[in-house]
Amino acid sequence: MSTPAWGLSDLSQSSKTNFQTTTLIPYSGKFGNDDVDGIDTAYRVVADHVQTLSFALSDGGVPNNVGRGYVLRRILRRGSRYVRKTLGAPIGSFFSLMPVVVETMGDIFPELTKKQDDIKEILDEEEESFSRTLDWGEKLFDQYAICMKDQGAKELNGALYCILW
């Protein structure tokens, strides 16, 4: 088995938490105030979310706007945002981690291997769609904030929250 640049837990290692077994680098085990830049938190979030989504999608879940699909979409968006904003990785980096889950867990959970192409396609499409939405929302927010600042406003109008939500 090759060593991935980013990977997930190897539960055969001895550790206090599954995040201490991660091969995500440069994870150093910092929590709370010790994780000043939020990088360790981001690695934990990404590792957990890509693994959660891989299993859920292999079990037939699909990100959408209802029920468990909504939860899956929110998990994907949170993980994608961490990869892009905190870790500074380009669009597509989140879904590209899924093969590590399959490589690590596919022997034990064969549905991961069987549905790998479907999982990859769903994650890729959802990440790309969310990236466009996030870019649009950030641009709109920045324009609105500049406008409000130019008007001397100290607070943003509630209408913006409705538009961005």
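Conventions and cut-offs
Within every chain, residues take consecutive numbers counted from 1 along the sequence as written. Since the coordinates come from a predicted model, pLDDT governs what is reported: local features require at least 70, and pairs of side-chain atoms require 80 or more to be given and counted, while whole-chain, interface and lining totals use all residues. The side-chain numbers reported here are obtained from all heavy atoms of the structure, hydrogens and water having been left aside. Put simply, DSSP marks the helices as runs of H or I at least four residues long and the strands as runs of E at least two long, and each gets a number from the N terminus on. Three labels apply to residues, based on accessible area from a 1.4 Å probe with only protein chains included: buried if under 20% of the type maximum, exposed if over 50%, partly exposed otherwise in between. The criterion used for residue contact is that any of the two residues' heavy atoms lie within 4.5 Å. Accessibility throughout is a Shrake-Rupley quantity obtained with a 1.4 Å probe, and a residue counts as covered only by protein chains that appear here. What counts as an axis is a line fitted to C-alpha atoms, over the stretch in contact for a helix, and the angles between N-to-C directions run from 0 to 180 degrees. Angles below 35 degrees are treated as roughly parallel, those above 145 as roughly antiparallel, those between 65 and 115 as roughly perpendicular, and all remaining angles as oblique. Take the far helix as your reference; a near helix turned counterclockwise from it by less than a right angle gives a left-handed crossing, and one turned clockwise gives a right-handed crossing. Following the grouping adopted for this structure description, the nonpolar residues are Ala, Val, Leu, Ile, Met, Phe, Trp, Tyr, Cys and Pro, the charged ones are Asp, Glu, Lys and Arg, and the polar ones are all others, Gly among them.

K.L.:
Looking at this structure, I do not really get the overall build of the protein chain. What am I missing?
P.N.:
Secondary structure summary: the protein chain contains six helices and zero strands in total. Helices and strands in the protein chain line up, N terminus first, as α-α-α-α-α-α. Counting over 165 residues, the protein chain shows a buried share of 37%. Put simply, of all contacts in the protein chain between residues at least 6 apart along the chain, 53% involve residues at least 24 apart. Carbon and sulfur atoms make up 53% of the accessible area of the protein chain, which amounts to about 10100 Å² in all.

K.L.:
Looking at this structure, how should I read the packing of helix H3 (residues 98–105) against helix H5 (residues 116–150)?
P.N.:
When two helices pack together, their arrangement is given by the angle between the helix axes and by the axis-to-axis distance. Put simply, H3 and H5 touch, their axes get as near as 10 Å, and they point 155 degrees apart. Between H3 and H5, the interaxial angle falls into the category roughly antiparallel. Of the two possible hands of crossing, H3 and H5 adopt the one that is right-handed. Between H3, through Met 98, Pro 99 and Val 102, and H5, the contact on the second element is made entirely by Gln 116, Ile 119, Lys 120 and Leu 123. Looking at the contact of H3 with H5 residue by residue, the classes come out as five nonpolar, one polar and one charged.

Don't take any of this as a statement about function, it's just geometry.
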